[in-house]
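Per-entry structural report
Listed below are the residues making up each chain.
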Amino acid sequence: MLTDEQFMSWYRQKPIGPITERDIELATDVQGTQPLLYFLCKGIKAQKIIEIGVADGSTTIPLLKAAKENGGMVWSIDPSPCEDAKRLVSAFGYDDIWKFIQTKSDEFFLTYKDEIHFACIDGDHSWVQVEKDAHNCLSRLAEGGMVIFHDITILPKEITYDSNNLPAKGNYDEECVHGINKALHLALPKYPDIDFLPIIWELRMKNNGQMKISQGYQSAGFAIARKRYSYEGSLNPKLKIVQ
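Bear in mind that the values here come from a model prediction, so they are computed numbers and not experimental data. (Residues numbered from 1 in each chain as written. Predicted model: local features only at pLDDT ≥ 70, side-chain atom pairs only at ≥ 80, totals over all residues. Heavy atoms only, no water.)

A closer look at the packing of aromatic side chains
Filter applied, for reference: Between rings of Phe, Tyr and Trp, where Trp is taken as its six-membered ring, a pair exists when centres lie within 6.5 Å; planes separated by under 30 degrees are stacked, by over 60 edge-to-face, and by other angles tilted. Remark: exposure states derive from per-residue accessible area (1.4 Å probe, protein chains only) relative to the maximum for the residue type, with buried under 20%, exposed over 50%, and partly exposed in between.
Per the stated rule, a full pass over the model turns up six aromatic pairs. For the pair Phe 108 and Tyr 112, a centre-to-centre distance of 5.2 Å together with 20° between the ring planes defines the contact as stacked. A residue is classified by how much of its surface remains accessible, and Phe 108, at 6% relative accessible area, is buried. Among the aromatic residues, those joined into a cluster by ring pairs are Trp 75, Phe 108, Phe 109 and Tyr 112.

Quick look at the structure:
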């Protein structure tokens, strides 16, 4: 189990204790967002935690640290073997609270029928799959629970979505960022007890320090969907995803 000091040293790319230079080299997929995941997950005392998309373990470790302190478990789903993530989890001592399932998320949810306290969705970024993942997680979300979506963005006002306006296949920016926005635009209004907050902070920078603008929009970071407790009023009765 990582101490707070060790966790922050990993996040800050300074090896301390069990953390090696190789561990830091692997933790690049969402570098800079690990504290957000840890503190959100820890703050709501999440015990049943789902991770869709594992890659190198960049999001797995903060979820496991929170799960350990909350007395919980993390289920991580990815169709790839994710050997680097497995090694990282073992090195940091979290094997006992981690269940890695090498399959597609749709297959996982055929057997997982329990509620979810916290989920991180960063898997297949096509809008069709993200919409499925959103429904699978939001429909199981406990009151006060959160679902985190990666690669949300701010889109130009003129961008709208309908059946004839789909993200371009084969273009990462179009399929990834636009696709996730489209999926949320379709999925979230079906859950009136869900509040939604985009956090546009993981800006991708050019070498000269200028913010990268691609296809007229800004690359981005996470967005939070949270299920209200039954006694809470709505914070966003008129949900708008595309700005």
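A short note on the side chain of Glu 51
Here is the rule we go by: Under the DSSP-based scheme used, a helix requires at least four consecutive residues in state H or I and a strand at least two consecutive residues in state E, with every element numbered from the N terminus. Only four residue types enter the charge count, namely Lys and Arg as positive and Asp and Glu as negative; His and the chain termini do not. Within this document, salt bridges are pairs made up of a side-chain nitrogen of Lys or Arg and a carboxyl oxygen of Asp or Glu, the two lying within 4 Å of each other.
You can see Glu 51 is positioned in strand β1 (residues 48-52). Lacking a salt bridge, the buried Glu 51 has Lys 86 as its closest oppositely charged neighbour, with an N-O distance of 12 Å.

Overview of the nonpolar core
Nonpolar side chains in soluble globular proteins tend to be buried together. Quick reminder of the rule: Nonpolar cores were defined as sets of buried Ala, Val, Leu, Ile, Met, Phe, Trp, Tyr and Cys residues, with membership established by side-chain atoms within 4.5 Å. Note on definitions: a residue-residue contact is assigned when non-hydrogen atoms from the two residues lie within 4.5 Å.
Counting 55 residues, the largest nonpolar core has Ile 50, Phe 118, Leu 138 and Val 147 as its most contacted members. Ignoring anything within four residues of it in the chain, the contact list for Ile 50 reads Trp 75, Ile 77, Phe 108, Phe 109, Tyr 112, Ile 116, Phe 118, Ala 119 and Cys 120.

A word on helix α3 (residues 34-43)
With seven of 10 residues buried, α3 is to be regarded as a mostly interior element. Regarding α3, the residues found buried are Gln 34, Pro 35, Leu 36, Leu 37, Tyr 38, Leu 40 and Cys 41. Two residues or fewer past α3, Lys 45 is found with a positive phi of approximately 60°.

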